[in-house]
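Residue-level listing of the chains:
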Amino acid sequence: MSSDAKAGISYPFPDAPEKGQWLEVAKGIYWLQMVLPMALDHINLYVLEDDAGWWIIDTGINLGDTRERWELLLAGPMAAKPVLGVICTHMHPDHVGQAGWLCEHLRVPLYMSYKEYYAARTFTGASTDQISWTTEEYFSRAGVDKDCQKEMASRFKGFGSVVAPLPTAYRRLEEGQTLRIGGRDWLIMTGAGHSPEHVSLYCAEDKLMMSGDQIIPRITSNVSVMPSEPEANPLADWFSALRRFRVDIDADTLVMPAHNAPFYGVHARLDYLIAHHEGHLEEIEKACVEPKIALDLFGIMFARKVGMDQLSLALGEAVAHLHYLCAEGRMQRELDSEGVYRYRSIDPSNCPYHGVYEPDSGPMEV
């Protein structure tokens, strides 16, 4: 068992599963990995065993050898039983990318929350031919110039390019619902901030949790204001979810996340995630004694220079923290003569946030 002793986290499985294989992490729960073509180079997927068949938790992106890996598993260790259903924790491409293919190929239903399913349908079907005026306004007000916007647009290919066509029907998962799988009751727990209605599955009796991107041990999930909802306050939703999970989840739970590795130490991790964002809020409030635009905050929030490929995510995260401070009455926002929002702290000497400050390595979307 390895550990991040300083972080209060331990990892009971020293090795990750190899291509076409899986590891049993608890009775009837199998961990597998698919590759991702980015700095975050993998996603963890899980298969739950039931007497009648298998349940798949998240599906991987529609790129590379993901489908080949599924075919190896379906023809290998999963061949003796049918697949009964596919559960996607949320709408991001690394989670829903192969859901349409699996559900069509295996003729099984897709299970998602209402907001995640329709967000996935919306984003995968959106046109990438041109940027809307609302998106242009969002980036302009954040301080991104027209040339930079054009370069961003030329790089953007949309979710539809990495997600197989989604099923035209789904079965809704809701907060408080219970799924009976493999002799266990799995409670559906939802949280917003990283995505609209992210689903996690929690078995209180056996202290097991499939956390998706809600709780990850070594990286922090991206929490962004997106151009599609430019006045949103996702960080408030994120704090609410983390604090609720901190109360509702047993401290000795084995957490099976979508990235990194299964781990123990969920309370320590939730405490850190809350303190981490509060630390960023404190530093941003100090920095904005003199008015700043969102782009000015990258040096505070991220340890390395933000490249063009991550500009949108970095900007969304910065704006999310600024919106939270505005909503708390700790920051004022004004539109200057050039049409850019400038943010100024109201009383940084009386800052209520005293978290852990360390810049993120980058604006990871997971």
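All residue numbers here refer to positions counted from 1 along the written sequence of the relevant chain. It should be noted that, the model being predicted, local features are given only for residues of pLDDT at least 70 and side-chain atom pairs only at 80 or more, the latter also being counted only at that level, while totals for whole chains, interfaces and linings use all residues. Side-chain descriptors were evaluated using all non-hydrogen atoms of the structure, hydrogens and water having been removed beforehand.

Q: Would you explain the overall build of the protein in this entry?
A: Going along the chain from the N terminus, every DSSP run of H or I of four or more residues is numbered as a helix, and every run of E of two or more is numbered as a strand. When you go through the protein residue by residue, the secondary structure sums to 10 helices and 16 strands. For a compact globule of 366 residues, the expected C-alpha radius of gyration is about 21 Å, and the protein comes in at 21 Å, within 12% of that figure. The averaged location of the 51 negative side-chain charges in the protein is 1 Å from the averaged location of its 32 positive side-chain charges. Atoms counted for the radius of gyration: C-alpha only. Globule rule: 2.2 Å times residue count to the power 0.38. None of His or the chain ends enter the tally, which takes Lys and Arg as positive and Asp and Glu as negative. Every charge is mapped onto a representative atom, which is NZ of Lys, CZ of Arg, CG of Asp or CD of Glu.

Q: Help me understand the sheet that holds strand 10 (residues 178-181), please; the structure alone is not making it clear to me.
A: Where strands meet in a sheet, backbone hydrogen bonds hold them as pairs that are either parallel or antiparallel. In this description, strands pair whenever DSSP reports at least two bridges between them. The 5 strands lie next to each other as 10-11-12-13-14, forming an open sheet whose pairing is mixed. What marks the edges here is a single partner per strand, and that holds for strand 10 and strand 14 (254-257). Strand-to-strand, the axes of this sheet are offset by a mean angle of 25°, without reference to chain direction. As paired strands, strand 13 (residues 208-212) and strand 14 are joined by 4 bridges and run parallel to one another. Bridged to Leu208 within strand 14 is Leu254. Fitted lines through C-alpha atoms serve as axes, helices being fitted only where they are in contact, and the angles separating the N-to-C directions of these axes extend from 0 to 180 degrees.

Q: How should the packing of aromatic side chains be read in this particular structure?
A: Centre-to-centre distance and the angle between the planes together describe a pair of aromatic rings. Pairing of aromatic rings covers Phe, Tyr and the six-membered ring of Trp, with a centre-to-centre limit of 6.5 Å; geometry is then stacked below 30 degrees between planes, edge-to-face above 60, and tilted otherwise. Enumeration according to the criterion identifies 14 aromatic pairs in this entry. Plain terms: the ring middles of Tyr118 and Tyr170 are 5.9 Å apart, the flat faces sit at 90° to each other, and that makes the pair edge-to-face. A residue pair is termed long-range when its members are at least 10 positions apart, and Tyr118 in helix 4 (residues 114-125) and Tyr170 in the loop between helix 6 (146-155) and strand 9 (171-173) qualify at 52 residues. Three labels apply to residues, based on accessible area from a 1.4 Å probe with only protein chains included: buried if under 20% of the type maximum, exposed if over 50%, partly exposed otherwise in between. Exposure remark for Tyr118: the relative accessible area of 40% places this residue in the partly exposed category. Among the aromatic residues, those joined into a cluster by ring pairs are Tyr114, Tyr117, Tyr118 and Tyr170. A ring is scored as having a charge over it whenever the NZ atom of a lysine or the CZ atom of an arginine sits within 6 Å of its centre and within 35 degrees of its normal. Seen from the ring of Tyr11, Arg218 lies directly overhead, with NZ or CZ sitting 4.3 Å from the centre. Over the ring of Tyr341 we find Arg333, and its NZ or CZ is 3.8 Å from the ring centre.

Q: It is not clear to me how the nonpolar core should be interpreted in this structure. Could you clarify?
A: Most often, soluble globular proteins keep nonpolar side chains buried together rather than apart. In this structure, Ile29, Ile87, Trp186, Met210, Ile284 and Leu315 are the most contacted members of the largest nonpolar core, which totals 73 residues. The biggest single contributor to this core is helix 10 (residues 311-327), with 9 residues. Throughout, a contact is declared for two residues whenever any of their heavy atoms are within 4.5 Å. Those residues within four positions of Ile284 in sequence are excluded, and the remaining contacts are Leu297, Ile300, Met301, His321, Leu322, Leu325, Met331 and Ser345. Definition of nonpolar core: a set of buried residues of the types Ala, Val, Leu, Ile, Met, Phe, Trp, Tyr and Cys, connected through side-chain atoms within 4.5 Å. Within the second largest apolar cluster, 37 residues are counted, among which are Met78, Cys103, Met112 and Val162.

Q: What is the right way to read the pattern of salt bridges from this model?
A: It is possible for side chains of opposite charge to pair when their charged atoms get near one another. By definition, a salt bridge exists where a carboxyl oxygen of Asp or Glu is found within 4 Å of a side-chain nitrogen of Lys or Arg. Here the structure, examined in full by the defined rule, presents 19 salt bridges. Residue Arg244 pairs with Glu175 through a salt bridge whose shortest N-O separation is 3.6 Å. Remark: Glu175 occurs in the loop between strand 9 and strand 10 and Arg244 occurs in helix 7 (residues 234-248); sequence separation between them is 69 residues. When the shortest N-O distance is used, the salt bridge between Arg246 and Asp271 registers 2.8 Å. Placement of Arg246 in helix 7 and of Asp271 in helix 8 (residues 266-287) is noted, with a sequence separation of 25 residues between them. Residue Asp271 is classed as partly exposed on the basis of its relative accessible area of 36%. Each of Lys19, Asp65, Glu68 and Arg69 takes part in a single network of salt bridges with overlapping partners.

Q: In this structure, what is going on with unusual backbone geometry? I would like to understand it.
A: In most cases, non-glycine residues show a negative phi, while peptide bonds are predominantly trans. You will see that Arg107, though not glycine, has its phi angle at about 55°, which is positive. In this fold, Arg107 is placed in the loop between helix 3 (99-106) and strand 8 (110-113). We classify Arg107 as exposed; its relative accessible area is 72%. Positive phi outside glycine occurs at Lys207, with the angle close to 55°.

Q: Whenever I open this one, the sheet that holds strand 4 (residues 29-35) confuses me. Can you help?
A: Pairing in this open sheet of 7 strands is mixed, and the strands run 3-4-5-6-7-8-9 from one edge to the other. At either margin of the open sheet sits one strand with a lone partner, and together these are strand 3 (23-26) and strand 9. Across the sheet, the mean angle from the axis of one strand to that of its neighbour is 30°, orientation sign disregarded. Where helix 1 (residues 66-75) meets the sheet, it contacts strand 4, strand 5 (42-50), strand 6 (53-57) and strand 7 (83-87), and its direction lies at approximately 150° from that of strand 4. Of the strands in this sheet, strand 6, strand 7 and strand 8 touch helix 3, which is tilted by about 160° from strand 7.

Q: What is the right way to look at the side chain of Asp50 in this model?
A: Position of Asp50 among the secondary structure elements: in strand 5. Side-chain atoms alone can form a polar contact between residues adjacent in sequence; in general such a contact is a pair of N or O atoms within 3.5 Å, and within protein one must be able to donate a hydrogen while the other accepts it. Separated by 2.7 Å, the side chain of Asp50 and the backbone nitrogen of Gly182 make a polar contact. Ignoring anything within four residues of it in the chain, the contact list for Asp50 reads Trp55, Lys81, Leu84, Arg180, Ile181, Gly182 and Gly183.

Q: So what exactly am I meant to see when it comes to helix 10 here?
A: An α-helical turn contains 3.6 residues, so a residue and the one three or four places further along point in the same direction. Take the number of residues in a helix, subtract one, and multiply by 1.5 Å to get its expected span. For helix 10, spanning 17 residues, the distance from its first C-alpha to its last is 24 Å, which sits close to the expected 24 Å at 1.5 Å a residue. Along helix 10, 14 of the 17 residues are buried, which leaves the element largely enclosed by surrounding structure. One or two positions beyond helix 10, positive phi appears at Gly329, with a value near 75°.

Q: So what exactly am I meant to see when it comes to the pairing of strand 14 here?
A: The side chains of a regular strand alternate, first on one face of the sheet and then on the other. Burial along strand 14 is two-sided: Leu254 and Met256 facing one way and Val255 and Pro257 facing the other are all buried. Looking down the strands as they point away from you, a crossover is right-handed if its path from the first strand over the helix to the second goes clockwise. Between the parallel pair strand 13 and strand 14, the chain is carried across by helix 7, and the sense of this crossover is right-handed.

Q: Mind showing me how you'd approach the pairing of strand 13 here?
A: By the criterion of burial, strand 13 is predominantly enclosed, with 5 of the 5 residues buried. Covered by surrounding structure in strand 13 are Leu208, Met210 and Gly212 together with Met209 and Ser211, the residues of both alternating faces. Examined bridge by bridge, strand 12 (residues 198-203) and strand 13 share 3 bridges and lie antiparallel to one another. Within strand 13, the residue paired with Leu201 across the bridge is Met210. Between the antiparallel neighbours strand 12 and strand 13 lie 4 residues, among them Lys207 with a positive phi of about 55°.

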